Amino acid sequence: VTVADKKPDALIDFNIASGSVAEGSGPVTFTVSRSFATDAPSVVNLDRTGTATVDEDFTLSGITTDPSTSITILANEEFATFVVTPLSDNQVESDETVIFTINTGSIINKRAPSTSATLTITDTTPVISIAINSASRLEGGGSVTFTITRTGDTTSDLDVLIDLAGSATFGVDYTSTLSQFGSNTVTILSGFSSTDFTVTPSTDSFTSETTETVIATISPSVSYAVGSPSSQTLSITNDASGAGDPHMVGFHGQRFDLIGRPGKTYNILSDPLLQVNTLLGMQKTSDHSYIGGPVMMQMAFLTSNHTVLVNAGGYFVDDLGFVSVDGMFLNRGTSVLFKDDKLSVSFSDFSSSAKDLGLIGDNDKVVAKAKITLEGLYEFTVFFIQNHHSPYHPEIESTSKYYRRFLDFNASLLDHDRRPHGVLGQTA
């Protein structure tokens, strides 16, 4: 009698590549194995449970999405696999689980101890914070940037709720790239970890108002967690309070005056690609009956290949000043562009009260402006200021009008990674 050896039933076991993964971190492979290969397939019934929701918190491949499903280990194979891929849902929530258990109704009636496998999907909710590049700005002193930053995954757009509050009046005391006072939505685009919006203080005619505020606060949402700092405050100060006698606007809106000796030249900006100097003069009428403090009479902009000279003009009404480039005078309403240094220069008429620009006093008027731009690096707007001053001698006033002329400017730093020297280097 020949007794054939009976081969034991194959034992079924579970193996999981990782027991805990973060949302959106990539696929996780589950392996269902048997202790040895046979020439027949093994159908293993599986039950899926857990707190995570299929197609919202994760996707499945290799098995169906039914809570009760199965997987087949093919003939002559020792294992079969299926894949769970956690998804990023931008929801503030607790960690969630996906649990697979070998069903007792499986045709395999002998199993190893590892009959279930659990995958924990940890929450990766983005944390949102807000920053500001300047906490204080004078009226008319230029834009202030607020930056909204998220942590974690950047594979999808994220809408962030921003509440705009404070004592300043939207549309009167300031403008903004946000649409309104109160609730606003800004979007951090896919592939980016931050986005900006700006607030630009306006210049008004009130000289005695107190400092006003613009407060930007992150509002809660199910799509993110509010981090720290969650709020930033911009203080808008009156251009008539504490500004002294400003003749310059620096790179971040600071207004200041340059104190020096008339007849001396001072360096405004020193950069390997651009040098800016100014020659100071004395405020006075042509008959010397009025003498004030020093003002900028000339500015020189020097690049590697070109020299731009801006001259304020003289005392008389018909001496309007000029702009020259490499010794050639520009007519009003014209501009030039030099590709070698990426330098552009324009000269134009311009009529405005200097006070509306947040500069100098009530008697001053802007009659022209020049714009000098070094592409991607610096931009200067130079204002030609005219101030009618009545001399002390009425008989002179009756026959001729005298004007003192000088220059003021507004400077912008286009490349914030540069660190220039000179007077403006202190405002970079």
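The structure displayed is predicted, hence computed values, not measured ones.

Enquirer: I tried to follow the overall build of the protein chain on my own but got confused; where do I start?
Expert: When its secondary structure is counted, the protein chain shows one helix and 32 strands. Here the protein chain, with 428 residues, has 41% of them falling under the buried criterion. Counting contacts in the protein chain only where the partners sit at least 6 residues apart, residues at least 24 apart contribute 63% of the total. With an accessible surface of roughly 20,400 Å², the protein chain has 51% of that area assigned to carbon and sulfur atoms.

Enquirer: Looking at this structure, how should I read the side chain of T381?
Expert: Within the secondary structure, T381 is located in strand β31 (residues 378-388). When near neighbours in sequence (up to four residues on either side) are disregarded, T381 contacts K369, A370, K371, D408, F409 and N410.

Enquirer: Could you clarify how one ought to interpret the sheet that holds strand β14 (residues 174-176) in this entry?
Expert: Across a sheet, strands are paired by hydrogen bonds formed along the backbone, either parallel or antiparallel in direction. Strand order in the open sheet made by the five strands is β14-β16-β12-β10-β18, with mixed pairing throughout. Each of the sheet's edge strands pairs with one partner strand only, and the pair in question is β14 and β18 (225-226). In this structure, β14 lies alongside strand β16 (residues 194-201), joined through three bridges in antiparallel fashion. The residue bridging T175 from the neighbouring strand is T200, located in β16.

Enquirer: For this particular structure, what's the right way to read unusual backbone geometry?
Expert: In this model, S228 is joined to P229 through a cis peptide bond whose omega is 0 degrees. By the element assignment, P229 lies in the loop between β18 and β19 (231-237).

Enquirer: How do you make sense of the sheet that holds strand β8 (residues 96-102) when you look at a structure like this?
Expert: The mixed open sheet is built from five strands, whose spatial order is β2-β9-β8-β4-β6. Of all the strands in the sheet, the pair left with one neighbour each is β2 (20-22) and β6 (68-73). Ignoring strand direction, the axes of neighbouring strands in this sheet form an average angle of 25 degrees. In terms of strand pairing, β8 meets strand β9 (residues 116-122) through six bridges, oriented antiparallel.

Enquirer: Where do I start with the pattern of salt bridges in this structure?
Expert: Close approach of charged atoms allows side chains with opposite charge to pair. By the definition in use, this model includes two salt bridges. We note a salt bridge from R418 to D271, for which the minimum N-O separation is 2.9 Å. With R418 in the segment after β32 (403-413) and D271 in strand β22 (residues 265-271), the pair connects residues that are 147 residues apart, well separated along the chain. In this structure, the salt-bridge partner of D349 is R332, at a minimum N-O distance of 2.5 Å.

Enquirer: Sorry, what's going on with the nonpolar core here?
Expert: Across soluble globular proteins, nonpolar side chains show a tendency to be buried alongside one another. Formed by 44 residues in total, the largest nonpolar core has its most connected members in F301, V310, F380 and F409. Residues contacting F301, with those up to four places away along its chain left out, are L274, Q275, V276, H306, T307, V308, V310, I372, F380 and V382. Core analysis: the next-biggest nonpolar cluster, separate from the first, contains 24 residues, V32, A52, I73 and L119 among them.

Enquirer: Help me understand the packing of aromatic side chains, please; the structure alone is not making it clear to me.
Expert: For any pair of aromatic rings, the description consists of the separation of the ring centres together with the inter-plane angle of the planes. Under the definition given, this model contains 11 aromatic pairs. Between F146 and F197, the ring centres sit 4.9 Å apart and the planes meet at 5 degrees, which makes this aromatic pair stacked. With F146 in strand β12 (residues 144-150) and F197 in strand β16, the pair connects residues that are 51 residues apart, well separated along the chain. For F146, a relative accessible area of 0% puts it in the buried group. Here the aromatic rings of F170 and Y174 are separated by 5.4 Å at their centres, their planes lie at 80 degrees, and the arrangement is edge-to-face.

Enquirer: Would you mind showing me how to read the pairing of β12 here?
Expert: The side chains of a regular strand alternate between the sheet's two faces. Taking every second residue as pointing to the same face, the buried face of β12 carries V144, F146, I148 and R150, while none of T145, T147 and T149 on the other face is buried. In terms of strand pairing, strand β10 (residues 127-132) meets β12 through five bridges, oriented antiparallel. Residue pairing in the sheet places I128 in a bridge with R150 of β12.

Enquirer: I would appreciate a short explanation of the environment of T145 in the present structure.
Expert: You can see T145 is positioned in strand β12. As for T145 and S134, which are separated by 11 residues in sequence, their C-alpha atoms are 7.5 Å apart. With residues up to four places along the chain from it excluded, the contact list for T145 reads A131, I132, N133, D196, F197 and T198.

Enquirer: What exactly am I supposed to notice about the environment of T51 here?
Expert: In this structure, T51 sits in the loop between β4 (42-49) and β5 (58-61). In this structure T51 comes out as exposed when scored by relative accessible area, which is 51%. Separated by 70 residues in sequence, T51 and I121 have C-alpha atoms that sit 9.7 Å apart. With residues up to four places along the chain from it excluded, the contact list for T51 reads D95, E96 and T97.

Enquirer: Would you take a moment to explain the confidence of the model for the protein chain for this structure?
Expert: Do not read the predicted coordinates in detail wherever pLDDT is low. Confidence along the protein chain averages 81 in pLDDT terms, with 79% of residues attaining 70 or more. Low pLDDT, under 50, characterises residues 240-244; the predicted model gives this stretch one contact beyond four residues in sequence or across chains.

Enquirer: Looking at this structure, I do not really get the environment of L189. What am I missing?
Expert: Note that L189 resides in the loop between β15 (182-188) and β16. Considering only alpha carbons, one finds L189 and D159, 30 residues apart in sequence, at a separation of 8.5 Å. Excluding anything up to four places from it in sequence, L189 contacts R150, S156 and D157.

The rules we used
- Residues numbered from 1 in each chain as written.
- Predicted model: local features only at pLDDT ≥ 70, side-chain atom pairs only at ≥ 80, totals over all residues.
- Heavy atoms only, no water.
- Helix = DSSP H or I, 4+ residues; strand = E, 2+ residues; numbered from the N terminus.
- Buried < 20%, exposed > 50% of the residue type's maximum accessible area, 1.4 Å probe, protein only.
- Contact = heavy atoms within 4.5 Å.
- Areas by Shrake-Rupley, 256 points an atom, 1.4 Å probe, with all protein chains shown as cover.
- Pairing = 2+ DSSP bridges.
- Axes fitted to C-alpha atoms, helices over the stretch in contact; angles between N-to-C directions.
- Salt bridge = Lys/Arg side-chain N within 4 Å of Asp/Glu carboxyl O.
- Core = buried A, V, L, I, M, F, W, Y, C linked by side-chain atoms within 4.5 Å.
- Phe/Tyr/Trp six-rings, centres within 6.5 Å; stacked < 30°, edge-to-face > 60°.
- pLDDT = per-residue confidence, 0-100.

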